[in-house]
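Secondary and tertiary structure notes
The residues making up each chain are set out below.
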Protein chains: 2
Amino acid sequence: MSQPLIRPSDGELAILRVLWSHGLSTVREVHDELLKEREMGYTTVLKLMQIMVEKGLVTRDESSRTHVYQAAQGEESTQSCLLNDLLQKAFEGSAKSLVVRALSNTKSNDAELDEIQAYLDLLKARKP
Amino acid sequence: MSQPLIRPSDGELAILRVLWSHGLSTVREVHDELLKEREMGYTTVLKLMQIMVEKGLVTRDESSRTHVYQAAQGEESTQSCLLNDLLQKAFEGSAKSLVVRALSNTKSNDAELDEIQAYLDLLKARKP
DNA sequence: GTGAAATTACGAAGCTCTTCGTTGACAACT
DNA sequence: AGTTGTCAACGAAGAGCTTCGTAATTTCAC
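Each value, and the rule that gives it
Residues numbered from 1 in each chain as written. Chains lettered and ligands numbered in written order. Predicted model: local features only at pLDDT ≥ 70, side-chain atom pairs only at ≥ 80, totals over all residues. Heavy atoms only, no water. Domains from an automatic or database assignment. Near = heavy atom within 4 Å. Polar contact = N/O pair within 3.5 Å; in protein donor to acceptor, adjacent residues only side chain to side chain. Nonpolar A, V, L, I, M, F, W, Y, C, P; charged D, E, K, R; others polar. Least-squares fit on C-alpha atoms with pLDDT ≥ 70 in both. Contact = heavy atoms within 4.5 Å.

**Looking at the domain arrangement of chain A**
The domains assigned to chain A are domain 1 (1–90) and domain 2 (94–128). Computed over C-alpha atoms only, the centres of domain 1 of chain A and domain 2 of chain A are separated by 29 Å.

The following block contains the structure:
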């Protein structure tokens, strides 16, 4: 029941971000959203999304003239997929190294650290 | 004094891994090492490493006939670079999300969890 | 109905990454 | 000196990603 889980390219990921936060969207809606970040043509986005249909990254409702797109895999699954990939290729599979590097990288505020601590406690409690 | 920090491709990263763990290496040494993981031609590795010289990912000592290569940027810097990139593109810049996802992804053992806890304590202590 | 606007479809071009065959230079051995 | 083996250099080819121009189709306003 687990899909193949495709690793999206950078451009595809940008589109998926929009679909995740906006839900069902047309090409125009996605394009308008992406324009806020950087300049790009409408047909560029269209072409990318058509390819993503073929790959199975998104699904498409063609019943009306303006097609409506939807992300085919969840945000969390995709994050896991990309993270696992990086883990193997750059951290020799050591989740600890990755987490430590991520923490040292960015200045997390206290609230964030507390949330991480809470999750860590949860993991520890589950292993008595 | 901080270099531009180039984001290496997958193939380049595989070569960097060898250079990081083995130090100064010839193309043949890198190729032999990579062969343990997957099949690939000698000239393929050579070509990649030549391109990496042009990009500044590695440096090369050409004084003897068989050139000797060396990684130009450290393993930690490169990890940070790749991690930051993923952070922006897939986690909306939230280090907390990334860390939580990484932790939930892999079954870390107690020792690893303890090490992460220790690092977390360090960060907290630094912010009173 | 006709013209304008929006949308999809198509194809091509440029780029990077990856792969490898061939060639020419150099070295070592006989 | 000639043969053999190793190496760097080069070019080319194929794949994937990104970009966009153009054409074809549908819809809508008038």
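**Things to note about the protein's contact with DNA strand C**
The environment of DNA strand C is formed by 24 residues, the closest being R28, Y42 and R65 of chain A together with S9 and R38 of chain B. Protein-adjacent atoms of DNA strand C, using a 4 Å cutoff, are sugar or phosphate at a proportion of 59%. The contact in question runs from a phosphate oxygen of DNA strand C to an N or O atom on the side chain of R28 of chain A, over 2.3 Å. Residue R38 of chain B places a side-chain N or O atom 2.8 Å away from a phosphate oxygen belonging to DNA strand C. By residue class, the composition of the surface near DNA strand C is six nonpolar, nine polar and nine charged.

**With respect to the relation of the copies chain B and chain A**
Rotating chain B by 180° and translating it 0.0 Å along the rotation axis places it on chain A, where the RMSD comes to 0.1 Å. On the angle and the small slide along the axis, the relation comes out as a two-fold axis. No C-alpha of chain B approaches the rotation axis more nearly than that of V99 of chain B, which lies at 2.9 Å. Interface overlap between copies is the fraction of interface residues in one copy that are interface residues in the other; for chain B against chain A it reaches 100%, indicating a shared surface.

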